Amino acid sequence: LALAPPLVAMQFPEILESKLHLVIDLFDPIVWENLELYVGDGEKERIFQHERHLAALLAAMMRGDYFLVAGDRQLDLMTGALMVLNRINPSTWIQGSGPEQIVGKVPFGVPDEPPPSPENVKLPSAYECDGPLIVWGGGMWDWLNPELVVESLPELIKSHPKAVLAFPGTVHPNPHVPEMASVKRVKKLAKELGVSANIRFGEWLERDEYLGLLVHADCGVSAHIPGLEARYAARTRFLDAVWVGLPMVVTEGDEYAEYIADHSLGEVVREFDPVPFARALRRTIDSGRKNLQDRITGVRRNLSWKRLAQPLIKWAENPRLTHGHGAEFFQSTLGVTSPQNRPSDFLSLLRRIKSKLGAD
């Protein structure tokens, strides 16, 4: 048995040709991330990147025997995609069973052990400050909206002049991941607004250092651009904050924002406007972490890996090979080869699909 993301189709195609029981993790909507990531490139490059990732996704979905998603929205989305690909059909569907027989809702979880205490981990020296510390966890991806958080600082500084906003993920540890355009935009914006002294930019932290930053922070933040990526995203930065008991201020639109609102783990800002965001920050900072203590233990328990991984564990105890069923129909209808006989050029594969559909 093997577990892999769709990009395995590009990086390790031999896995698709193996006889392994293959689980495909579909949590990352990379096709939609790319709509924002390559927005500044020419149309040919944007189409190339879109088609190569879409082709890899198609190949992985045709080959997988079981699929993982991160929430209810993704469950509906990917169940529909599998239906269109004829991966859900009389040969693969067990009567009387739900979609979990083919698609398991297995979001990212938090460790079962308690988080470190402020006495056990240090705040990285680069982020020491005399005022409240606000952390943008994770990378400053171009499909997110860190500019909104920076735009809220002038209003927040009126009541908390020594507040510091930390961006510890400006440089990705993977050298193949380029610097996001948003990093330059945010630095320019901070200078224009006169809040550069209230912002700390840093490179990717080691895990212990990152936990130290979160443990000593007063508030976590996340904001995104409205759209498809946001609707189906699973922002794992939220889980680190939950684990260490850090309240968050986030924009609405993704599934985790709904979770924060439903469990009172911070504030969800429904307007993409810096003034309401600043006010939510001020309320969260002034309330502190104490308001989370009554409910955080139960939330951690519900989000533990041991609990969330049960659908995958159950399937792995009695796995089924299902990828051969339905491929013949898809091949004869749309001209797509089965994964075992797929061409090495996935872009060519996608063009064949488009050709059969009568696309240009």
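Parameters and conventions
- Residues numbered from 1 in each chain as written.
- Predicted model: local features only at pLDDT ≥ 70, side-chain atom pairs only at ≥ 80, totals over all residues.
- Heavy atoms only, no water.
- Helix = DSSP H or I, 4+ residues; strand = E, 2+ residues; numbered from the N terminus.
- Buried < 20%, exposed > 50% of the residue type's maximum accessible area, 1.4 Å probe, protein only.
- Contact = heavy atoms within 4.5 Å.
- Areas by Shrake-Rupley, 256 points an atom, 1.4 Å probe, with all protein chains shown as cover.
- Core = buried A, V, L, I, M, F, W, Y, C linked by side-chain atoms within 4.5 Å.
- Salt bridge = Lys/Arg side-chain N within 4 Å of Asp/Glu carboxyl O.
- 1 Å grid on protein atoms, 1.4 Å probe; cavity = no way out; pocket = protein on both sides within 12 Å on 5 of 7 lines; lining within 4 Å.
- Points joined across faces, edges and corners; volume = space filled by probe spheres on them.
- Nonpolar A, V, L, I, M, F, W, Y, C, P; charged D, E, K, R; others polar.
- Pairing = 2+ DSSP bridges.
- Axes fitted to C-alpha atoms, helices over the stretch in contact; angles between N-to-C directions.
- Parallel < 35°, antiparallel > 145°, perpendicular 65-115°, else oblique.
- Left-handed = near helix turned anticlockwise from the far one by under 90°.
- Phe/Tyr/Trp six-rings, centres within 6.5 Å; stacked < 30°, edge-to-face > 60°.

Caption draft 1: View of the overall build of the chain. Helix and strand counts for the chain stand at 17 helices and 10 strands. In the chain, which comprises 360 residues, the proportion classed as buried is 50%. For the chain, restricting intrachain contacts to residue pairs at least 6 apart in sequence, the fraction spanning at least 24 positions comes to 75%. Of the roughly 17500 Å² that the chain leaves accessible, carbon and sulfur atoms contribute 53%.

Caption draft 2: Region of the structure containing the nonpolar core. Judged by nonpolar contacts, the single largest core of 36 residues is most densely connected at Phe 238, Leu 265 and Leu 303. Secondary structure elements with two or more residues in this core: strand S5 (133-136), strand S6 (164-167), helix H8 (207-216), helix H10 (237-244), strand S9 (248-251), helix H11 (255-262) and helix H13 (293-302). Leu 265 has contacts with Phe 238, Val 242, Pro 247, Met 248, Tyr 259, Ile 260, Leu 292, Ile 296 and Val 299, leaving out every residue within four places of it along the chain.

Caption draft 3: Layout of the pattern of salt bridges. Under the criterion given, the structure shown has 10 salt bridges. Between Lys 105 and Asp 72 there is a salt bridge; the shortest N-O distance is 2.7 Å. Separated by 33 residues along the polypeptide, Lys 105 in strand S4 (residues 103-105) and Asp 72 in helix H5 (residues 72-84) bring together distant segments of the chain. Of the residues examined, Asp 72 reaches a relative accessible area of 42% and is grouped as partly exposed.

Caption draft 4: Inspection of the layout of surface pockets at higher detail. By volume, the second largest pocket is sized at about 450 Å³. As for the second largest pocket, its lining consists of 23 residues, and the residues nearest its centre are Ala 70, Lys 105, Pro 107, Glu 255 and Tyr 259. Contributing elements (two or more residues each) for the lining of the second largest pocket: H5, H11, helix H14 (305-308) and helix H15 (310-317). Here the element with the most residues in the lining of the second largest pocket is H11; it accounts for five residues. Split by residue class, the lining of the second largest pocket holds 12 nonpolar, five polar and six charged.

Caption draft 5: Broad picture of the pairing of S9. Of the two faces of S9, the one holding Met 248 and Val 250 and the one holding Val 249 and Thr 251 are both buried throughout. Examined bridge by bridge, strand S8 (residues 219-222) and S9 share three bridges and lie parallel to one another. The residue bridging Val 221 from the neighbouring strand is Val 249, located in S9. Both S9 and strand S10 (residues 266-269) contribute to a ladder of four bridges, which runs parallel. Residue Met 248 lies in a different strand from S10, and its bridge partner there is Gly 266.

Caption draft 6: Examining the packing of H10 against H13 more closely. Interhelical geometry of H10 versus H13 gives an angle of 130 degrees and a closest axis separation of 9 Å. In this view, H10 runs oblique relative to H13, as classed from their interaxial angle. Handedness of the H10/H13 crossing: left-handed. Contact residues: H10 offers Val 242, Trp 243 and Val 244, while H13 offers Ile 296, Val 299 and Arg 300. Class assignment for the residues of the contact of H10 with H13 results in five nonpolar, no polar and one charged.

Caption draft 7: View of empty space enclosed by the protein. All chains considered together, the criterion is met by three cavities of 30 Å³ or more. Taken as a whole, the largest cavity spans an internal volume of roughly 70 Å³. Taken together, Ser 222, His 224, Arg 235, Arg 237, Phe 238, Met 248, Val 250, Thr 251, Asp 254, Tyr 256, Ala 257 and Ile 260 make up the lining of the largest cavity. Looking at the lining of the largest cavity, the elements with two or more residues in it are H10, S9 and H11. A class-by-class count of the residues in the lining of the largest cavity yields six nonpolar, three polar and three charged.

Caption draft 8: Quick peek at the sheet that holds strand S3 (residues 66-69). As summarised here, the arrangement of the four strands in space is S1-S2-S3-S4, forming an open sheet in which the pairing is parallel. Looking at the sheet topology across the chains shown, the edges are occupied by strand S1 (2-4) and S4. Within this sheet the neighbouring strands show an average axis-to-axis angle of 25 degrees, counted without direction. Bridge count for S3 against S4 is three bridges, and the pairing is parallel. Following the sheet pairing, Leu 68 is matched in S4 by Gly 104.

Caption draft 9: Fine view of the environment of Asn 89. Within the secondary structure layout, Asn 89 lies in the loop between H5 and S4. What makes Asn 89 buried here is its relative accessible area of 9%.

Caption draft 10: The arrangement of the environment of Arg 185 in detail. Position of Arg 185 among the secondary structure elements: in helix H7 (residues 181-193). Of the residues examined, Arg 185 reaches a relative accessible area of 36% and is grouped as partly exposed. The spatial distance from the C-alpha of Arg 185 to the C-alpha of Pro 146 is 9.3 Å, given a sequence separation of 39 residues.

Caption draft 11: View of the packing of aromatic side chains. Per the counting criterion, the structure on display carries 10 aromatic pairs. Considering the side-chain rings of Trp 141 and Trp 143, the 5.8 Å spacing of their centres and the 15 degrees angle between planes classify their relative orientation as stacked. By the burial criterion, Trp 141 is buried, and Trp 143 matches it. Taken together, the ring pairs in this structure connect Phe 27, Phe 108 and Trp 305 into an aromatic cluster.

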